[in-house]
Amino acid sequence: MGRSIVFASGKGGTGKTTTIANVGVALAQFGREVIIIDADITMANLSLILGMEDIPITLHDVLSGEAELNDAIYEGPAGVKVIPGGLSLEKIKKAKNPERLRELMREISSLADFILIDAPAGLEMTSITALLIGKELILVTNPEISAITDSLKTKLVAEKLGTLPLGAVLNRVTSEKTELSKEDIETILDVPVLMVIPEDPEVKRASAYGIPLVVKNPTSPAAIAYKQLAAKLAGIRYSPPRPESPIKRVFRALFGGGRR
Ligand SMILES: Nc1ncnc2c1ncn2[C@@H]1O[C@H](COP(=O)(O)OP(=O)(O)OP(=O)(O)O)[C@@H](O)[C@H]1O
């Protein structure tokens, strides 16, 4: 059975979807079978970041018996699989058999090593549903007090639901003095910081192209952090590539990418 990990944030716009997309692709690049469930359907950003179009059949269609699970699984970069969520607690309650969601999650868990769930921000019904379907939780937050406070609320709700908090990912970190330190954040949230992801202009550039950063620019600082987080989750060693020497760069400019 694969591990099911919910990525949640509390506050919106912390970079949760970008993180899950890149960590998912990095895990797939490390040879792991990955399914990402996009429970954050209001924005549908995940498919844009991964460059996927036309994914009309959702997990909800499978729940209501209108589609087979296989029809709702779409293939993305590096073989990562995506299931659009289309879930709401209301719809699940209306489904003939509410136990079916649990059964379906068991079925999905048997298909991959990692099931990563992109939870909508906040603590609305759809966010609670996402927290319910994962066994473990990663908080994606920014080093500012409002984001940390909202993450703490999400963590407390998740614990009440029986979802185990693994830790937090600190995203968009700069060296500004106004930012809370990693140590302060660990104390407030009472979980370890699993990874610090720097503010990186390449993140936006990659998503504008619809190509995950770990594919488009694997040596950029944020891409290296996504890969390190994926390696940590997979329990493998990953040594980031060393920056290219100026001499090598000149050779590459003169003779093209293949030259050493
Ligand atoms: N490390 C980073 N460096 C620079 N920009 C980033 C970084 N991470 C995310 N961003 C940018 O921040 C914005 C929000 O990211 P994203 O959509 O992943 O957030 P989210 O938490 O999933 O949002 P929502 O709450 O709407 O679901 C995007 O424009 C994204 O490109």
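Residues numbered from 1 in each chain as written. Predicted model: local features only at pLDDT ≥ 70, side-chain atom pairs only at ≥ 80, totals over all residues. Heavy atoms only, no water.

As annotated in an unreviewed UniProt entry, the chain carries the name Cell division ATPase MinD and is attributed to Thermococcus argininiproducens.

(A) Spatial organisation of the packing of helix H6 (residues 125-133) against helix H7 (residues 145-161). Contact geometry of H6 with H7 gives a least axis separation of 9 Å together with a crossing angle of 55 degrees. Regarding the angle of H6 to H7, the classification is oblique. Crossing geometry of H6 relative to H7 is assigned as right-handed. Facing Ile128, Leu131 and Leu132 of H6, the residues of H7 in contact are Thr154, Val157, Ala158 and Leu161. Its residues assigned to classes, the contact of H6 with H7 comprises six nonpolar, one polar and no charged. (Axes fitted to C-alpha atoms, helices over the stretch in contact; angles between N-to-C directions. Helix = DSSP H or I, 4+ residues; strand = E, 2+ residues; numbered from the N terminus. Parallel < 35°, antiparallel > 145°, perpendicular 65-115°, else oblique. Left-handed = near helix turned anticlockwise from the far one by under 90°. Contact = heavy atoms within 4.5 Å. Nonpolar A, V, L, I, M, F, W, Y, C, P; charged D, E, K, R; others polar.)

(B) Geometry of the nonpolar core. Within the largest apolar cluster, 37 residues are counted, with the highest numbers of intra-cluster contacts made by Phe7, Val23, Leu27, Ile36, Leu50 and Leu116. Ranked by residue count, the leading element in this core is helix H11 (residues 221-234), at eight residues. Leu27 has contacts with Arg32, Val34, Phe114, Leu116, Ala230 and Ala234, leaving out every residue within four places of it along the chain. Counting 34 residues, the second-largest nonpolar core is a separate cluster that includes Ile35, Leu59, Leu63 and Ile185. (Core = buried A, V, L, I, M, F, W, Y, C linked by side-chain atoms within 4.5 Å. Buried < 20%, exposed > 50% of the residue type's maximum accessible area, 1.4 Å probe, protein only.)

(C) Highlighting the packing of aromatic side chains. Applying the stated criterion to the full structure yields two aromatic pairs. Centre to centre, the rings of Phe251 and Phe255 are 5.7 Å apart; their planes meet at 35 degrees, and the pair counts as tilted. On the criterion of helical spacing, the pair formed by Phe251 and Phe255 is a turn pair, its members being four residues apart in helix H12 (residues 246-255). Relative accessible area serves as the criterion here: at 48%, Phe255 is assigned to the partly exposed category. Between the NZ or CZ atom of Lys216 and the centre of the ring of Tyr209, over which it lies, the distance is 4.5 Å. (Phe/Tyr/Trp six-rings, centres within 6.5 Å; stacked < 30°, edge-to-face > 60°. Lys NZ or Arg CZ within 6 Å of the ring centre and 35° of its normal.)

(D) Local environment of the pattern of salt bridges. Within the structure shown, the criterion is met by nine salt bridges. Here Lys16 and Asp118 are joined by a salt bridge, their closest N and O atoms 2.9 Å apart. With Lys16 in helix H1 (residues 16-29) and Asp118 in strand S5 (residues 114-118), this pair connects stretches of sequence that are 102 residues apart. (Salt bridge = Lys/Arg side-chain N within 4 Å of Asp/Glu carboxyl O.)

(E) Spotlight on unusual backbone geometry. Positive phi, close to 60 degrees, is recorded for Ala78, a residue that is not glycine. Looking at the secondary structure, you find Ala78 in the loop between strand S3 (74-75) and strand S4 (81-84). Of note, the phi angle at Arg172 is positive, near 65 degrees, even though the residue is not glycine. In this fold, Arg172 is placed in strand S7 (residues 164-173).

(F) Looking closely at the sheet that holds S7. The mixed open sheet is built from eight strands, whose spatial order is S3-S4-S2-S5-S1-S6-S7-S8. In the strand order of this sheet, the two ends are held by S3 and strand S8 (193-198), each with one partner. Relative to S4, S3 runs antiparallel, the two sharing two bridges. Looking across to S4, one finds that Glu75 is bridged to Lys81. Each of strand S1 (3-8), S5 and strand S6 (136-141) touches H6; the most contacted strand, S1, lies at about 150 degrees to it. (Pairing = 2+ DSSP bridges.)

(G) Representation of the UniProt feature "binding site: ATP" (unreviewed entry) in the chain within the structure. UniProt's feature table lists "binding site: ATP" (unreviewed entry) at Lys11, Gly12, Gly13, Thr14, Gly15, Lys16, Thr17 and Thr18, given in the numbering used throughout. With respect to the helices and strands, the residue Thr14 is situated in the loop between S1 and H1. Residue Thr14 is classed as buried on the basis of its relative accessible area of 1%. Sequence-distant contacts of Thr14, that is, excluding residues within four places in its chain, are made with Ser9, Val140, Thr141, Asn142, Asn171 and Arg172. For Lys16, a relative accessible area of 6% gives the class buried. (UniProt positions renumbered as here; feature names shortened; annotations may be inferred.)

(H) Broad picture of H7. For H7, spanning 17 residues, the distance from its first C-alpha to its last is 25 Å, which sits close to the expected 24 Å at 1.5 Å a residue. The complete set of buried residues in H7 reads Ala147, Ile148, Ser151, Thr154, Lys155 and Ala158. Each buried residue of H7 sits inside an arc of 120 degrees when the element is viewed along its axis, so together they form one side. Seen from the open side of H7, the exposed residues pointing more than 90 degrees away from its buried face are Ile145 and Lys160. At the C-terminal side of H7, Gly162 shows a positive phi close to 90 degrees. (Expected span 1.5 Å × (residues − 1). Arc of directions from axis to C-beta.)

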